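Each chain, letter by letter, is given below.
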Amino acid sequence: MKRILLFIATNFAILIVLGIILNVVLPLLGIHLQDTAGLLFISAVFGLGGSFISLAISKWIAKRSVGAHVIEQPHNAQEHWLLNTVKRQAAKAGVGMPEVAIYDSPEINAFATGMNKNNALVAVSSGLLDNMTADEAEAVLGHEMSHIANGDMVTMTLLQGVMNTFVFFFARIVARAVSRGSDNQFFYFMTVMAFQIIFGILASIIVMWFSRYREFHADAGGAHLAGREKMINALKRLQGDKVESQLNGQLVAFGISGKQAFSELLMSHPPLEKRIKALQRQA
């Protein structure tokens, strides 16, 4: 419930901020929403603007949504190991030392987030620390550090923002064409909603394809930072994890494993067996 309320409150706040920007900027620029240019502008503000605002506050949201505890000063051998491992991998990957956190969850998972590769966050679940060997956990950390080094958070946000922009824009363009000659605003509204769903599904297929593509790269990066066999063994360990992921929103795409979907086209992560075979082929 806490995660749901935080998600709703955050998105409501983003809408308020964007609404204020539009009410100030549009009159100054002389842009009318009835024009195609005006519609494209507002689509970009809500599509790209919303995505980048979400990314800018992603660390803050992530820590509160999963109740992550940031390790400021290590209090035990496990926390010492976590900090030292991430520090070593960050230096090897050529990025700044991220914040390191632990969140309480039985799932075997970890995620990375942040707008800047030199000021990111890496968080691991208590389930991962309890159920993985040090070598396997090291590989998972390498996978997350690769996401950071590759700038995946920014590229995924940019792609999602562009897709959101065009879904918002073309749903209204097509709805205008369909409802031309009709003054029924309810019909226009329902047509917009229908095309947003259709275009949204198509956009999701594109975004999820890219998400799966960069997962293979993050696995290869984890193999480089920690060792190929360690990465393979970590993925094999994940095959036995039956606990549903607690991650939501953007965090799902940057976890070591994602959620199931009725079609692979809508999965953020490739099936684990494909990821393992990809690493074995590279060997």
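The structure this text deals with has already been given above.
All chains use their own residue numbering, which begins from 1 and follows the written sequence. Restriction of local features to residues with pLDDT of at least 70 applies here, the model being predicted, together with a cutoff of 80 or more for giving and counting side-chain atom pairs; totals for whole chains, interfaces and linings are based on all residues. Each side-chain value is derived from all of the structure's non-hydrogen atoms; neither hydrogens nor water enter the calculation.

Section: the packing of helix H6 (residues 134–149) against helix H8 (residues 185–226)
Spelled out, the test is: Axis geometry follows a simple rule: fit a line to the C-alpha atoms, using only the stretch in contact for helices, then measure angles between N-to-C directions, giving values from 0 to 180 degrees. The helix and strand labels rest on DSSP assignments: H or I over at least four residues marks a helix, E over at least two residues marks a strand, and numbering proceeds from the N terminus. Orientation labels follow simple angle bins: below 35 degrees gives roughly parallel, above 145 gives roughly antiparallel, 65 to 115 gives roughly perpendicular, and whatever is left gives oblique. For any pair of crossing helices, the crossing counts as left-handed if the nearer helix is rotated counterclockwise from the farther one by less than a right angle, and right-handed if it is rotated clockwise. The contact criterion used throughout is that any non-hydrogen atoms of two residues lie within 4.5 Å. Basically, the charged four are Asp, Glu, Lys and Arg, the nonpolar ten are Ala, Val, Leu, Ile, Met, Phe, Trp, Tyr, Cys and Pro, and anything else, Gly included, counts as polar.
Viewed as axis vectors pointing N to C, H6 and H8 meet at an angle of 125°, and their least axial separation amounts to 7 Å. For the element pair H6 / H8, the angle class is oblique. Considering the relative orientation of H6 and H8, their crossing is right-handed. Residues Glu138, Ala139, Gly142, His143, Met145, Ser146 and His147 of H6 pack against Arg214, Glu215, Ala218, Asp219, Gly221, Gly222, Leu225 and Ala226 of H8. Along the lines of polarity and charge, the residues of the contact of H6 with H8 split into five nonpolar, six polar and four charged.

A closer look at the sheet that holds strand S4 (residues 121–125)
Definition in use: Two strands pair if DSSP finds at least two bridges between them.
Reading across the sheet, the four strands line up as S1-S2-S4-S3 and stay open at both edges, with mixed pairing between neighbours. Only two strands of the sheet have a single neighbouring strand rather than two, namely strand S1 (69–70) and strand S3 (110–113). As defined by bridge partners, strand S2 (residues 99–103) adjoins S4 across five bridges and the pair is classed as parallel. Counted as the bridge partner of Val100 is Val122 from S4. Contacts from helix H4 (residues 77–93) reach S1, S2 and S4 within the one sheet, and its direction differs from that of S2 by about 140°.

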